[in-house]
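Listed below, chain by chain, are the residues.
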Amino acid sequence: MGAARGSAASPPWLALLSVLLLPLLGGAQAAIVFIKEPSSQDALQGRRALLRCEVEAPAPVHVYWLLNGAPVQDTERRFAQVSSLSFTAVDRLQDSGAFQCVARDNVTGEEARSANASFNIKCESLPRRTLRR
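Residues numbered from 1 in each chain as written. Predicted model: local features only at pLDDT ≥ 70, side-chain atom pairs only at ≥ 80, totals over all residues. Heavy atoms only, no water.

A. Representation of the sheet that holds strand β7 (residues 78-81). Reading across the sheet, the three strands line up as β3-β8-β7 and stay open at both edges, with antiparallel pairing between neighbours. What marks the edges here is a single partner per strand, and that holds for β3 (49-51) and β7. Neighbour to neighbour, the strand axes of the sheet diverge by 25° on average, direction disregarded. As paired strands, β7 and strand β8 (residues 84-87) are joined by four bridges and run antiparallel to one another. Across the sheet, residue Ala80 finds its bridge partner in β8, namely Leu85. (Pairing = 2+ DSSP bridges. Helix = DSSP H or I, 4+ residues; strand = E, 2+ residues; numbered from the N terminus. Axes fitted to C-alpha atoms, helices over the stretch in contact; angles between N-to-C directions.)

Below you can see the structure in the form of structure tokens.
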């Protein structure tokens, strides 16, 4: 008599497929990679600035920003623009400290953090007036 149904050898493509899918099913994941990380820079008080951040990930990620470890809230003056952080007017008091870009995969919980970046905020000097006698 012949072999019972279902006991035949697996087709070769099934073995190949299982080898390719095993890492994904077993929990192995590709890392979130920063393509552009924010970098420290000079900025003028009251002027525009941009901290760039771009990530590459195997799945969609949520990108947000930290300032001294606390989440940055969007305002009219400072807000996330795609994954970068845009400033319409840098402020010496509100923008001093360490900014960090964070990318998080909400499905897997994987998280990656960029290096810290900060502003060296300078005030524009006013022209000196001389007194005439």
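Once the structure has been displayed, the description carries forward.
B. View of the nonpolar core. Of all hydrophobic cores here, the largest spans 20 residues; its most connected members are Leu51, Trp65, Leu85, Phe87, Phe99 and Phe119. Sorting the residues of this core by element identifies β3, β5 (62-67), β8, β9 (99-104) and β11 (119-122) as the ones contributing at least two each. (Core = buried A, V, L, I, M, F, W, Y, C linked by side-chain atoms within 4.5 Å. Buried < 20%, exposed > 50% of the residue type's maximum accessible area, 1.4 Å probe, protein only.)

C. Focus on the pattern of salt bridges. Scanning all chains against the criterion turns up six salt bridges. When the shortest N-O distance is used, the salt bridge between Asp95 and Arg78 registers 2.7 Å. Of the two residues, Asp95 is situated in the loop between β8 and β9 and Arg78 in strand β7; the sequence distance between them amounts to 17 residues. Looking at Asp95, the relative accessible area reads 0%, which means it is buried. With a closest N to O distance of 3.2 Å, Glu111 and Arg113 form a salt bridge. Residue class for Glu111 comes out partly exposed when judged on its relative accessible area of 34%. We classify Arg113 as partly exposed; its relative accessible area is 46%. Through salt bridges that share partners, Arg77, Arg78 and Asp95 make up one connected network. (Salt bridge = Lys/Arg side-chain N within 4 Å of Asp/Glu carboxyl O.)

D. Broad picture of the pairing of β11. Side chains of β11 alternate between two faces, with Phe119 and Ile121 buried and Asn120 and Lys122 left unburied. Bridge count between strand β2 (residues 41-44) and β11: four bridges; the pairing is parallel. Bridge assignment links Gln41 to a residue of β11, and that residue is Phe119.

E. Broad picture of the environment of Ser86. Along the chain, Ser86 falls in strand β8. Discounting residues that sit within four places of it in the chain, Ser86 has contacts with Ala49, Leu50, Arg77, Arg78, Phe79 and Gln81. (Contact = heavy atoms within 4.5 Å.)

F. Layout of the sheet that holds strand β10 (residues 111-113). Here we have four strands laid out as an open sheet, ordered β6-β5-β9-β10, and antiparallel in their pairing. Whereas interior strands pair on both sides, the edge strands pair on one side only; in this sheet they are β6 (70-71) and β10. In this sheet, β9 lies alongside β5 in antiparallel orientation, the contact comprising six bridges. In the strand pairing of β9, His62 is matched with Arg104.

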